[in-house]
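# Structure at a glance
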Amino acid sequence: MTVILKQHTQYPVIIEAGALEQLPLYLKRQGLGPKVMLVTDENVNPLYAQASEKHLQEAGFDADILELPAGERYKVYPIMGRVYSILKLAGLDRSSCIVALGGGVVGDIAGFAAATWQRGIALVQVPTTLLAQVDSCLGGKVGVNHLGLKNLIGAFYQPNFVLVDPTTLITLPDRDYRAGLAEVVKTALLGGLDFFEFIKRQAVALLEKDMSALEETIRRCLTYKAACISKDPEDQAGRQALNLGHTLGHAIEALAGGAYTHGEAVSVGLVYALRLSVQLGLPQSVLHDTITLLQQFGLPTAAPGLDMERLQDLFTRDKKVRQGVARWVLLPALGRPQLQTELPKGWQNILAELVEP
Ligand SMILES: NC(=O)c1ccc[n+]([C@@H]2O[C@H](COP(=O)([O-])OP(=O)(O)OC[C@H]3O[C@@H](n4cnc5c(N)ncnc54)[C@H](O)[C@@H]3O)[C@@H](O)[C@H]2O)c1
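Small disclaimer: the values here were computed from a predicted structure and weren't measured.

Basis of the calculations
Residues numbered from 1 in each chain as written. Predicted model: local features only at pLDDT ≥ 70, side-chain atom pairs only at ≥ 80, totals over all residues. Helix = DSSP H or I, 4+ residues; strand = E, 2+ residues; numbered from the N terminus. Rg over C-alpha atoms; globule rule 2.2 N^0.38 Å. Buried ≥ 20, exposed ≤ 12 C-beta atoms within 10 Å, placed from the backbone. Near = placed C-beta within 6 Å. Nonpolar A, V, L, I, M, F, W, Y, C, P; charged D, E, K, R; others polar. Pairing = 2+ DSSP bridges. Contact = placed C-beta atoms within 7 Å. Domains from an automatic or database assignment. Core = buried A, V, L, I, M, F, W, Y, C linked by C-beta atoms within 7 Å. Axes fitted to C-alpha atoms, helices over the stretch in contact; angles between N-to-C directions. Left-handed = near helix turned anticlockwise from the far one by under 90°. Parallel < 35°, antiparallel > 145°, perpendicular 65-115°, else oblique. Expected span 1.5 Å × (residues − 1).

Below, the discussion takes up the overall build of the protein chain. Scanning the protein chain from terminus to terminus reveals 13 helices and 12 strands. In terms of overall dimensions, the protein chain is globule-like: its C-alpha atoms have a radius of gyration of 20 Å, near the 21 Å expected for 357 residues. Viewed in the frame of its principal axes, the protein chain has a C-alpha envelope of about 60 × 50 × 45 Å. Expressed as a percentage of the 357 residues in the protein chain, the buried residues total 46%.

Right, let's get into the site of the ligand. Among the 28 residues in the neighbourhood of the ligand, the closest are listed as Asn43, Gly103, Gly104, Thr129 and Ser136. For the shell around the ligand, the secondary structure elements donating two or more residues are α2 (44-58), α4 (104-116), α5 (130-136) and α6 (174-191). The class makeup of the residues in the shell around the ligand is 9 nonpolar, 11 polar and 8 charged.

What follows concerns the pairing of strand β11 (residues 328-333). For β11 and strand β12 (residues 336-340), the ladder comprises 4 bridges, and the chain directions are antiparallel. Looking at the pairing, Val329 lines up with Leu339 of β12. Here β11 hands over to β12 after 2 residues, with Gly335 in that stretch at a positive phi of 80 degrees.

This part takes up the environment of Leu331. Mapping Leu331 onto the fold places it in strand β11. Its 27 C-beta neighbours within 10 Å are what place Leu331 among the buried residues. When residues no more than four places from it in sequence are discounted, the contact partners of Leu331 are Leu189, Leu244, Ala273, Leu274, Ser277, Leu282, Arg336 and Pro337.

The subject of this paragraph is the domain arrangement of the protein chain. For the protein chain, the domain assignment lists domain 1 (13-170) and domain 2 (173-355). Counting residues at the interface gives 18 residues for domain 1, matched by 22 residues for domain 2. By residue class, the composition of the side of domain 1 that touches domain 2 is 12 nonpolar, 4 polar and 2 charged.

Ranked by internal contacts, the top residues of the largest apolar core, which has 102 residues, are Val39, Ile98, Val99, Leu101, Ala113 and Val185. A domain-level breakdown of this core finds at least three residues from each of domain 1 (13-170) and domain 2 (173-355). Apart from residues no more than four positions distant in its own chain, Val185 is found in contact with Ile199, Leu270, Thr290, Leu293 and Leu294.

It is the contact of α6 with helix α10 (residues 262-278), at a shortest axis distance of 7 Å, that shows an interaxial angle of 35 degrees. Relative to α10, α6 is oriented so that their crossing is left-handed. Residues Arg178, Ala179, Gly180, Ala182, Glu183, Val185 and Lys186 of α6 pack against His262, Gly263, Glu264, Val266, Ser267 and Leu270 of α10. The residue makeup of the contact of α6 with α10, split by class, is 5 nonpolar, 4 polar and 4 charged.

This part covers the packing of α10 against helix α11 (residues 284-296). Interhelical geometry of α10 versus α11 gives an angle of 170 degrees and a closest axis separation of 9 Å. Classed by the angle they form, the pair α10 and α11 counts as roughly antiparallel. Contacts between α10 and α11 involve Ser267, Leu270, Val271, Leu274, Arg275 and Val278 from the former and Gln284, Val286, Leu287, Thr290, Ile291 and Leu294 from the latter. Partitioning the contact of α10 with α11 into residue classes produces 8 nonpolar, 3 polar and 1 charged.

For residues that are not glycine, phi is negative in most cases, and the peptide bond is trans in most cases. Of the consecutive residues Gly33 and Pro34, the connecting peptide bond is found in the cis state with omega at 10 degrees. With respect to the element layout, Pro34 can be found in the loop between α1 (23-29) and β2 (35-41). Despite not being glycine, Leu147 has its phi angle at roughly 55 degrees, a positive value. Looking at where Leu147 falls in the secondary structure, it is placed in the loop between β6 (141-146) and β7 (149-156). Residue classification places Leu147 among the exposed residues on the basis of 8 C-beta atoms within 10 Å.

A few words now on the sheet that holds strand β1 (residues 13-15). The strand order β1-β8-β5-β4-β2-β3 describes an open sheet built from 6 strands, whose pairing is parallel. Every interior strand has two partners, whereas the edge strands, β1 and β3 (62-68), have only one. The mean inter-strand angle of the sheet, taken between neighbouring strand axes irrespective of direction, is 15 degrees. Pairing geometry for strand β4 (residues 97-102) and strand β5 (residues 122-127), over 6 bridges, is parallel. Opposite Val99, over in β5, you have Val124 as the bridge partner. Where α2 meets the sheet, it contacts β2, β3 and β4, and its direction lies at approximately 170 degrees from that of β2. Packing of α4 onto the sheet brings it into contact with β2, β3, β4 and β5, and relative to β4 it is tilted by some 170 degrees.

Another point: the pairing of β6. With respect to burial, β6 is a largely interior element, 5 of its 6 residues being buried. Two elements, β6 and β7, share 5 bridges in a ladder whose sense is antiparallel. Bridge pairing in β7 places Lys141 opposite Phe156. In textbook terms, the turn of a hairpin is the stretch between consecutive antiparallel strands, and for β6 and β7 this stretch comprises 2 residues, one of which, Leu147, has a positive phi near 55 degrees.

Time to look at α2. With 15 residues, α2 ought to run about 21 Å at 1.5 Å a step, and its terminal C-alpha atoms sit 20 Å apart, in line with that. Buried within α2 are the following residues: Val44, Asn45, Tyr48, Ala49, Ser52, Glu53 and Leu56. Looking one or two places after α2, you find Gly60, whose phi comes out positive at around 95 degrees.

What follows is the structure, given as C-alpha cells:
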C-alpha cells in the first residue's frame, strides 16, 4: 500500500507599494472568502486594518477584525483560547480565510490559528514590519511561545498567498525598522556579492524608506529565503544558513533581558560570525564594509558589558546545538555559508573583545 500526499506547495508573493488596497482583488483571484477575519494588533488596527476591512466590505466580503494586544509577550499559548472563541463567535468555517495583518508576532499567532482552526483554513500573510516583510511572512513557520520557550508550540503551515506593501513601513517605529535592516544585511551576505553591493549602494535610500529600494530589497530577501526553504521546507540543513549571526544573537537577546532587540542582537552576532569567518578566508574588506553598513543603519556592532561566561553558556545551549555539537553558520566567502561544528581558533578572544566594557 502507498499513501501519496501532495508533494509540492506553491503560492504567489506580491511585493508592491500600495498593494494593500488591492487585497480584495487578490483574495478574489485566489478564490478566497467571502468570510474573512483580519487578525491584527492594537497598533496596526487603526493604521491599516480598519481601512482594509472597509475595502473588503465594499468589495462584497464579510470581513471582521480580531485585534490582539501588541508585542512578543502576548505571543503565548493562552492567547489562542481567546482567538478561537472569537473565531467561533464570528462564525468562521472551513471555507473562511484568515488574513494576518501585522508584524511577525501577528503572523505567527494568526498563522497558528489558521493552521489549527477546524484542522486548517486558508491563510494570507500581509506583513507590516520590515522583519516580517523580508523574512517571517514566508516559509510557513507559525506558532506561539510557551513556558518561557520561543515557538515551543507551532506548525508548518503555508499561506495561500503573501502580500507585501512596503508603504506600511512608513509608520513603523525607527527601532523596529532598523531591526529589520539587520536581517536585510544578513540575507545580503548570504546572497552573495551582487546582493551585498546592491545593499551598500542602496543604504541611504533604505534609511529614507525609498519605495523602489525597499521593493527590490524585499524581493531579493524573499527570493533568497524561498530558495532555501524550497530545498528544505521543514527546517533542516539548507534552512540553517538563515541563522547566520543568530547563535550569538539569541544568547545576547536572552542575556541582556530586553536591552537589545532581536535585530540589534543579530547585528552583533553578524559581526562575530564575520570576524570568525575571516579566519576561514573571508576578505577583511567584507567584514569592514559590513560593520560600516550596520553602523550606518544605527545598529550596534559590539555588546559591551555582557558577562562572557554566561554568554558562552547560553550560546552552546542554543537550539542549533544538535547532539551536543553547536552548529555555527560561518561565511568563508560572500554567498557561501558553511555550517561549522567547531569554531576557529581565537573565538574566545574575539568574543571577549566584542563584550568588553
Ligand atoms: N515565522 C517565522 O519564520 C519568523 C521568522 C522571524 C521572526 N519571527 C517572529 O517574529 C516576531 C517578531 O516580529 P516583529 O519584529 O515584526 O515584531 P512585532 O510583530 O512585535 O512588531 C513590532 C511592533 O511594530 C508594530 N507595528 C507593526 N507594523 C507596524 C506598522 N506598519 N506601523 C506601525 N507599527 C507597526 C507592532 O504593533 C509592534 O508593536 C517574533 O515573535 C519572532 O519569533 C517569525
